[in-house]
Amino acid sequence: MTSATPHVVLITGMSGSGKSVALHALEDSGFYCVDNLPPELLEAFIEVEREHQADRVAVAIDVRSAASLPGLPQRLAALRQSDVALTVLFLDATDDVLVRRYSETRRMHPLSVRGSTDQHRALVDALALERDLLATLREGALVIDTSQLKAAQLRTEVKALLLRTPAPLTLVFESFAFKRGIPKDADYVFDVRMLPNPHYEPALRPLTGLDAPVAAYLDAEPEVAAMQAQITAFLEHWLPGMVRDHRSFFTVTTGCKRSSRCVRACVNAAGQSAPTVG
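Residues numbered from 1 in each chain as written. Predicted model: local features only at pLDDT ≥ 70, side-chain atom pairs only at ≥ 80, totals over all residues. Heavy atoms only, no water.

Trainee: Residue-level account of the nonpolar core, with values.
Mentor: Ranked by internal contacts, the top residues of the largest apolar core, which has 33 residues, are L42, L72 and L76. For this core, the secondary-structure elements that each account for two or more residues are β1 (7–13), α2 (42–51), β3 (56–60), α3 (72–81), β4 (85–92), α4 (95–105) and α5 (119–138). Dropping the residues within four chain positions of it, L72 is found in contact with L10, P39, L42, I61 and L137. Counting 19 residues, the second-largest nonpolar core is a separate cluster that includes V192, M227, I231 and V252. (Core = buried A, V, L, I, M, F, W, Y, C linked by side-chain atoms within 4.5 Å. Buried < 20%, exposed > 50% of the residue type's maximum accessible area, 1.4 Å probe, protein only. Helix = DSSP H or I, 4+ residues; strand = E, 2+ residues; numbered from the N terminus. Contact = heavy atoms within 4.5 Å.)

Written out as structure tokens, the structure is:
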């Protein structure tokens, strides 16, 4: 078995600059992601993923591994000499913004001196030390300044920089009976209880929407065709907005009053004509 050549993204940068947001954006786009990997394990981790035929992996390394950071540039240089496609993404922000973010979350900086009576001074000093420790990694990296970016904007920039192909939006179509309750995972719910119901046709009652006679019965009803066309048009109009909002998974449900038999054929048809969103 031939080992894969993975695209490896190293995410680093200042604490509070949005590294977790960036890592989640890549994970949603199909990367295998690991946060806070010790630098000493980087080569071994990549080799394991190569053996697993992984083609996209992302690793976050920062000052939480402060003692091991001095040797990281040499490790990265060695990886670049191999056949690994390595990209280093450095996230940054101004000190004022980072201080404000830490004040809002009330979390301790990894380099802050515990027990300090002046936490603001301790944070400012920790940020200065962090910049010194990360200065070499910042050189030659792709840098994103997140000072003025919201989380959604940062996800957009990360994907634009790093994704070779857009991540697809996965659509799941479900049918249900209202008497059993609306599925908890539903994003959109379409009520089709006003449509002709094959349940009330004696010859069709034992069948389901997966059976050809039920599908033929529904195909012959103009109201069913109109409902399907309107649902499809609705999804085609709004699903691109879901992609822009970085949704990776979306569930569309249709329900009737007694049984899901009457809508399974509608769901199958909707699935066949669903818009392709990428």
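Trainee: Residue-level account of unusual backbone geometry, with values.
Mentor: Positioned with a positive phi, N36 is a non-glycine residue whose angle comes to about 60°. You can see N36 is positioned in the loop between β2 (32–35) and α2.

Trainee: Which residues make up the environment of S20, and what values do they have?
Mentor: Relative to the elements of secondary structure, S20 occurs in helix α1 (residues 19–28). Classification of S20 by relative accessible area gives partly exposed; the value is 44%. Residues S20 and D35, spaced 15 residues apart in sequence, show a C-alpha to C-alpha distance of 8.1 Å.

Trainee: With reference to specific residues and values, describe α1.
Mentor: Side chains three or four residues apart in an α-helix point the same way, a direct result of the helix having 3.6 residues per turn. Taken as a whole, α1 has its buried residues at K19, A22, L23, A25 and L26. The arc that holds the buried residues of α1, viewed along the axis, is 155°, so those residues lie on one side. Buried positions along α1 lie against β1, β2, β3, β4 and α6 (151–162). (Arc of directions from axis to C-beta.)

Trainee: Describe the sheet that holds strand β7 (residues 188–191), with residues and values.
Mentor: With respect to topology, three strands assemble into an open sheet ordered β6-β8-β7, the strand pairing being parallel. Looking at strand neighbours, the two that pair on one side only are β6 (170–177) and β7, the edges of this open sheet. Geometrically, the sheet is characterised by an average inter-axis angle of 20° between neighbouring strands, direction not taken into account. Examined bridge by bridge, β7 and strand β8 (residues 249–256) share four bridges and lie parallel to one another. Bridging from a neighbouring strand, D191 pairs with G255 of β8. (Pairing = 2+ DSSP bridges. Axes fitted to C-alpha atoms, helices over the stretch in contact; angles between N-to-C directions.)

Trainee: Summarise α6; cite the residues concerned and give the values.
Mentor: An ideal rise of 1.5 Å per residue puts 16 Å on twelve residues; α6 measures up with 17 Å between its terminal C-alpha atoms. Buried within α6 we find L154, V158, K159 and L162. Across the axial projection of α6, the buried residues extend over an arc of 130°, all falling on one side. Contact partners of the buried residues in α6: β1, α1, β4 and β5 (142–145). (Expected span 1.5 Å × (residues − 1).)

Trainee: Quick rundown of the packing of α2 against α3? Include the residues and the values.
Mentor: Viewed as axis vectors pointing N to C, α2 and α3 meet at an angle of 30°, and their least axial separation amounts to 10 Å. Residue-level inspection shows L42, E43 and I46 of α2 in contact with α3, the latter providing L72, R75, L76 and L79. Here the residues of the contact of α2 with α3 sort into five nonpolar, no polar and two charged. (Nonpolar A, V, L, I, M, F, W, Y, C, P; charged D, E, K, R; others polar.)

Trainee: Any details on the packing of aromatic side chains? Residues and values, ideally.
Mentor: This structure, assessed with the given rule, holds six aromatic pairs. Note on Y188 and F234: the rings are 5.1 Å apart at their centroids and 75° apart in plane angle, and the pair reads as edge-to-face. In this pair, Y188 sits in strand β7 while F234 sits in helix α8 (residues 222–244), placing the two residues 46 residues apart along the sequence. You can call F234 partly exposed: its relative accessible area is 31%. Seen in terms of ring centroids, Y188 and F250 are 4.9 Å apart; in terms of plane orientation they differ by 70°. Their pairing is edge-to-face. Linking Y188 in strand β7 with F250 in strand β8, this pair joins segments that are 62 residues apart in sequence. (Phe/Tyr/Trp six-rings, centres within 6.5 Å; stacked < 30°, edge-to-face > 60°.)

Trainee: Tell me what's going on with the sheet that holds β4, and back it up with residues and numbers.
Mentor: In spatial order, the strands read β2-β3-β1-β4-β5; together these five strands make up an open sheet with parallel pairing. Single-partner strands in this sheet number two, and they are β2 and β5. Shown here is a sheet whose adjacent strand axes are inclined to one another by a mean of 20°, direction ignored. Looking at chain direction, β1 and β3 are connected through five bridges and run parallel. Looking at the pairing, V9 lines up with A58 of β3. Here α2 sits on the sheet and contacts β1, β2 and β3; the angle it forms with β3, its principal contact strand, is near 160°. Of the strands in this sheet, β1 and β4 touch α3, which is tilted by about 145° from β4.

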